[in-house]
Amino acid sequence: MSKPDELLVDVAALVESGQSNQMSLTVVTGGAVITGRLAPEAVWRQRVSEVLTDSARLGEFSAVFDTPAKNGPPTHLHFHVARILQGTVGIPETGGMYRVAIADVGAWTVGDFSYSDH
């Protein structure tokens, strides 16, 4: 595993400290391009837990996400309203919840990408 980008760790730490979900970011990791907004880990975990709780088949997994985040510098980026870019589309169109290890990010930029047919 590579050494995490210190600047990206600082960005993630600001998101965590401010409890903000307005920071847009695009990363390249494992050959995939993920674009969306960052969320504090606690907010991300809560939202994933809510989605799982509402699922008839996956409700039992919601408790896993109720555990508090660990202390220390951030090790992961928590995306919401995010898409994996594939050709000219983003999957899923409505955005999803993704967790990406900062150490696995090969490239990144501030802002998110979107496509338009117009």
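Residues numbered from 1 in each chain as written. Predicted model: local features only at pLDDT ≥ 70, side-chain atom pairs only at ≥ 80, totals over all residues. Heavy atoms only, no water.

*Asks:* Give a description of the overall build of the chain that names residues and reports values.
*Replies:* In terms of helices and strands, the chain carries two helices and five strands. Each helix and strand of the chain, ordered N terminal to C terminal, gives the series α-β-β-α-β-β-β. The globule rule puts the C-alpha radius of gyration for 118 residues at 13 Å, and the 15 Å found for the chain is close to it. Overall, the C-alpha framework of the chain stretches about 40 × 35 × 25 Å when taken along its three principal axes. Within the chain, the fraction of its 118 residues that count as buried is 33%. A separation threshold of at least 6 residues defines the contact pool for the chain, and within that pool the share at least 24 residues apart is 61%. Carbon and sulfur atoms make up 56% of the accessible area of the chain, which totals about 7,500 Å². On the chain, the mean spot of the 8 positive side-chain charges and the mean spot of the 13 negative ones are 3 Å from each other. (Helix = DSSP H or I, 4+ residues; strand = E, 2+ residues; numbered from the N terminus. Rg over C-alpha atoms; globule rule 2.2 N^0.38 Å. Buried < 20%, exposed > 50% of the residue type's maximum accessible area, 1.4 Å probe, protein only. Contact = heavy atoms within 4.5 Å. Areas by Shrake-Rupley, 256 points an atom, 1.4 Å probe, with all protein chains shown as cover. Lys, Arg positive; Asp, Glu negative; His and termini not counted. Charge placed at Lys NZ, Arg CZ, Asp CG, Glu CD.)

*Asks:* Give me the lowdown on a nonpolar patch on the surface, citing residues and values where you can.
*Replies:* A cluster of nonpolar side chains, Leu 58, Phe 61 and Val 64, forms an exposed patch at the surface whose accessible area comes to about 270 Å². Overall, Val 64 belongs to the exposed group, its relative accessible area being 51%. (Patch = residues over 30% accessible without salt bridge, like charges linked within 9 Å, V, L, I, M, F, W, Y side chains within 5 Å. Salt bridge = Lys/Arg side-chain N within 4 Å of Asp/Glu carboxyl O.)

*Asks:* Outline the packing of aromatic side chains, supporting the account with residue identities and numerical values.
*Replies:* The full count for this structure, using the stated rule, is one aromatic pair. Judged by centre distance (6.1 Å) and plane angle (65°), the rings of Trp 44 and Phe 65 are edge-to-face. Taken together, the residues span a long stretch of sequence, with Trp 44 in helix H2 (residues 41-53) and Phe 65 in the loop between H2 and strand E3 (76-86) at a distance of 21 residues. (Phe/Tyr/Trp six-rings, centres within 6.5 Å; stacked < 30°, edge-to-face > 60°.)

*Asks:* Please give an account of the side chain of His 78 that cites residues and values.
*Replies:* Mapped onto the elements, His 78 comes out in strand E3. For His 78, the side chain forms a polar contact with the side chain of Arg 99, separated by 2.9 Å. His 78 has contacts with Glu 16, Arg 37, Leu 38, Ala 39, Glu 41, Trp 44, Tyr 98 and Arg 99, leaving out every residue within four places of it along the chain. (Polar contact = N/O pair within 3.5 Å; in protein donor to acceptor, adjacent residues only side chain to side chain.)

*Asks:* Describe the pattern of salt bridges, with residues and values.
*Replies:* If you walk through the whole model with that rule in mind, you get four salt bridges. The closest approach of N and O atoms between Arg 99 and Glu 41, which form a salt bridge, is 3.3 Å. Of this pair, Arg 99 sits in strand E4 (residues 89-101) while Glu 41 is found in helix H2, placing the two residues 58 residues apart along the sequence. A salt bridge links Arg 47 to Glu 50; its shortest N-O distance comes to 3.5 Å. Taken together, the residues Arg 47 and Glu 50, both in helix H2 and three residues apart, mark about one turn of the helix. Judged by its relative accessible area of 35%, Glu 50 falls in the partly exposed class. A network of salt bridges, in which partner residues are shared, links Glu 41, Arg 45 and Arg 99.

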